[in-house]
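Observations on the model geometry
Next come the chains, spelled out residue by residue.
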Amino acid sequence: MGSDEVDAVDARLGARLAALRAEHGWSLGELADRSGVSRSTLSRAERAETSPTAALLNRLCAVYGRTMSQLLSEVEAEPEAVVRSAEQPVWQDRAHGFVRRSVSPPHTALRGELVEARLSPGADLSYDRPPVAGLEQHIWILEGALDVTAQDTEHRLGAGDCLRMRVWGPTRFRCAAPEGVRYLLAVVRP
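The sections below set out a description of the structure shown in this document. (Residues numbered from 1 in each chain as written. Predicted model: local features only at pLDDT ≥ 70, side-chain atom pairs only at ≥ 80, totals over all residues. Heavy atoms only, no water.)

**Remarks on the packing of helix α2 (residues 28-35) against helix α4 (residues 54-64)**
Remark: α2 packs on α4, axes separated minimally by 9 Å, with the N-to-C direction vectors making an angle of 100°. Overall, the two elements α2 and α4 adopt an arrangement that is roughly perpendicular. Contact with α2, carried on its side by L31, R34 and S35, involves R59, L60, V63 and Y64 of α4 and no other residues of that element. Considering only residue class, the contact of α2 with α4 consists of 4 nonpolar, 1 polar and 2 charged. (Axes fitted to C-alpha atoms, helices over the stretch in contact; angles between N-to-C directions. Helix = DSSP H or I, 4+ residues; strand = E, 2+ residues; numbered from the N terminus. Parallel < 35°, antiparallel > 145°, perpendicular 65-115°, else oblique. Contact = heavy atoms within 4.5 Å. Nonpolar A, V, L, I, M, F, W, Y, C, P; charged D, E, K, R; others polar.)

See below:
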């Protein structure tokens with residue numbers, strides 16, 4: 001993905017974040033209080049001066065009651081029934097070595113979606129809450145190894161392993177493989 005394309009996605013994402021805040025009638029200060037994200041960071045993300053991290057988007061999704069895929073799909077075109085590989089939206093959190101491809105983006109008539117995720121060696125992502133309480137997730141490791149902590153239980157997963165869970169609290173994803181990890185995430189809204 002070229003830098004112009006990334007900048008365009010960040011610009012559309014920033015505009016959508018600003019629109020969501022306006023729809024709720026919240027000031028930056030009110031959103032900062034609700035999300036635990038500083039006003040300056042929220043402002044910079046809305047103006048696309050910075051590419052938001054996965055953790056930041058997760059906090060905003062929790063406030064707005066959306067999954068990350070739902071939010072990202074709102075800045076993309078309406079998904080077709082068949083999503084060709086070249087048309088699957090890709091988003092990156094460069095600061096944390098996380099690449100996320102929406103293989104089967106969310107659709108208003110469906111509760112599930114598929115995401116291909118990659119974490120660089122040593123990547124460590126923590127989410128303080130699920131974007132939607134009770135979110136069902138199935139994590140299938142395609143290559144490498146991943147440590148997942150959910151509800152104070154750590155799971156070490158290797159190639160071919162699948163973890164099924166409902167997410168109610170904090171989660172942590174750590175790449176446990178020197179070559180990185182690639183996994184499929186199936187997400188089902190409650």
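**Notes on the packing of aromatic side chains**
Tallied over the full model, the rule gives 3 aromatic pairs. Note on Y127 and F173: the rings are 6.0 Å apart at their centroids and 75° apart in plane angle, and the pair reads as edge-to-face. Here Y127, found in strand β4 (residues 124-127), pairs with F173, found in strand β9 (residues 171-175); they are 46 residues apart in sequence, far enough to count as distant. Its relative accessible area of 11% is what places Y127 among the buried residues. (Phe/Tyr/Trp six-rings, centres within 6.5 Å; stacked < 30°, edge-to-face > 60°. Buried < 20%, exposed > 50% of the residue type's maximum accessible area, 1.4 Å probe, protein only.)

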